[in-house]
Amino acid sequence: MIAAIVDRRGIRAIAAAGVRKVGHAQPLLTTDLVHIGSNTKAMTATMLAVLVHDGVFDSGWNTSIVEVFPELRDDIHPDYHAVTLWQLVTMTGGIPCDAADWKAHGDAHLIERRYRILRDNLADPPGAAPGKHLYSNLAYLVAGAMAERVTTRTWESLMWERLFMPLGVTSAGFGAPGTPEELGAPWGHQRDPDSGNWVPDQDDNAAALGPAGTVHIGIEDWARFFSLWLTREPPAIGDRETLGRLVTPVAGRYAAGWLVVRRLWARGRAITHDGSNGSWYTKLWVAPAVGRAYVVAANSVEADVRRTFALLDGIVLRLMFRA
């Protein structure tokens, strides 16, 4: 795993332990790429905020699904017609957690693939009443598909053009880190519940799920992103009002890709999120008031994911008291 403490000046401390792939000697390095899973969501929400700020969506955050896809009015459930872009990124539009089949329409271009998955999965009634929080990967696919329709660009291209490049990020990519079958980057691992052995893989979420969880990135570059909520300087993208809205809870404790809680050590509000594709696990805590963030990334996930969660949570706690 890799663990780091970040403050307003950048990485304050960082260390790595372990190997890139079980059975091989190449050590995991602090400069290695990590797969951040659902921590992608905060990035997607921020990219969409840039598009909203630039007037790309006619009705801004209030742009509805049928406003972007009017041809789907008779194909998707009526309760989804008025669901807005803001409800999608805050998961308050009633959209279920996952698509029935993330790999459906695999022969189609990625933009078309996401569109078809949207159409297929929004035909049924919502999984929750509007305004109620329901954690949803599918909601982020829909939000990404809306951005793709209004810009004619893939979500991946938009992430580079509207988020990564303006922040000076160069290491980001999509899917499992590295080149297939090579050791230029770490592999993910899952614990075999029968043998107890670690099983290496380069598997990832389906590409269609991208807006919800396929980004990989180096820790230093990741810090360029979440430091948007640490620095007191004018942000590299957007503005303070826009960034503040993204970390303001809408339903319960969830904001736009962030869980927001209050902690004494944070002197008030802290924003946090976990991410995993089943073979990687990342945990991020950001405390704007004290100007500090803590991140841990592991290239392995236990068969009982709660054990991995508890381990990384404990490491973050130790980092906090050693900072």
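Structure first, text after, so check above.
This report concerns the structure included in the present document. Quantities reported herein were computed from a predicted structural model and do not represent experimental measurements. (Residues numbered from 1 in each chain as written. Predicted model: local features only at pLDDT ≥ 70, side-chain atom pairs only at ≥ 80, totals over all residues. Heavy atoms only, no water.)

Focus: the overall build of the chain
Within the chain, the regular secondary structure consists of 10 helices and 11 strands. Taken over C-alpha atoms, the radius of gyration comes to 19 Å for the chain, in line with the 20 Å a tight globule of 323 residues would show. Overall size of the chain, expressed as C-alpha extent along the three principal axes, is 55 × 45 × 35 Å. Expressed as a percentage of its 323 residues, the buried residues of the chain come to 54%. Across the chain, contacts joining residues at least 24 apart in sequence account for 66% of those joining residues at least 6 apart. Within the structure as shown, the chain displays about 13700 Å² of accessible surface, and the carbon and sulfur contribution to it stands at 51%. (Helix = DSSP H or I, 4+ residues; strand = E, 2+ residues; numbered from the N terminus. Rg over C-alpha atoms; globule rule 2.2 N^0.38 Å. Buried < 20%, exposed > 50% of the residue type's maximum accessible area, 1.4 Å probe, protein only. Contact = heavy atoms within 4.5 Å. Areas by Shrake-Rupley, 256 points an atom, 1.4 Å probe, with all protein chains shown as cover.)

Observations concerning helix α8 (residues 219–226)
α8 sits mainly inside the fold: six of its eight residues count as buried. Buried residues of α8: Ile219, Asp221, Trp222, Ala223, Phe225 and Phe226, and no others.

As for the pairing of strand β8 (residues 259–263)
Taken together, the five bridges between β8 and strand β9 (residues 268–276) define a ladder with antiparallel strand orientation. The residue bridging Val260 from the neighbouring strand is Ile271, located in β9. Counted between consecutive antiparallel strands, the loop separating β8 from β9 contains four residues, among which Arg267 sits at a positive phi close to 55°. (Pairing = 2+ DSSP bridges.)

Examining the packing of helix α1 (residues 40–53) against helix α6 (residues 155–167)
It is the contact of α1 with α6, at a shortest axis distance of 9 Å, that shows an interaxial angle of 75°. Taken as axis vectors, α1 and α6 run roughly perpendicular relative to one another. Counting all contacts with α1, which are made through Thr40, Met43, Thr44, Thr46, Met47, Val50 and Leu51, the residues of α6 involved are Trp155, Leu158, Met159, Arg162, Leu163 and Phe164. Looking at side-chain class alone, the contact of α1 with α6 contains nine nonpolar, three polar and one charged residues. (Axes fitted to C-alpha atoms, helices over the stretch in contact; angles between N-to-C directions. Parallel < 35°, antiparallel > 145°, perpendicular 65-115°, else oblique. Nonpolar A, V, L, I, M, F, W, Y, C, P; charged D, E, K, R; others polar.)

What to know about the sheet that holds strand β4 (residues 173–174)
Pairing within the open sheet is antiparallel, and its three strands lie in the order β3-β7-β4. Only two strands of the sheet have a single neighbouring strand rather than two, namely β3 (33–35) and β4. The pairing of β3 with strand β7 (residues 215–218) spans three bridges and is classified as antiparallel. Among the inter-strand pairings, Leu33 is bridged to a residue of β7, identified as Gly218.

Notes on the pattern of salt bridges
Considering all chains together, one arrives at 15 salt bridges under this definition. Two residues, Arg116 and Glu112, come together in a salt bridge whose shortest N-O distance is 2.9 Å. A residue pair is termed a helical-turn pair when its members lie 3 or 4 positions apart in one helix, as Arg116 and Glu112 do in helix α4 (residues 110–121) at four residues. Exposure remark for Arg116: the relative accessible area of 26% places this residue in the partly exposed category. Among the residues examined, Glu112 registers a relative accessible area of 31% and is labelled partly exposed. Via salt bridges that share partners, Arg114, Glu148 and Glu156 belong to a single interconnected network. (Salt bridge = Lys/Arg side-chain N within 4 Å of Asp/Glu carboxyl O.)

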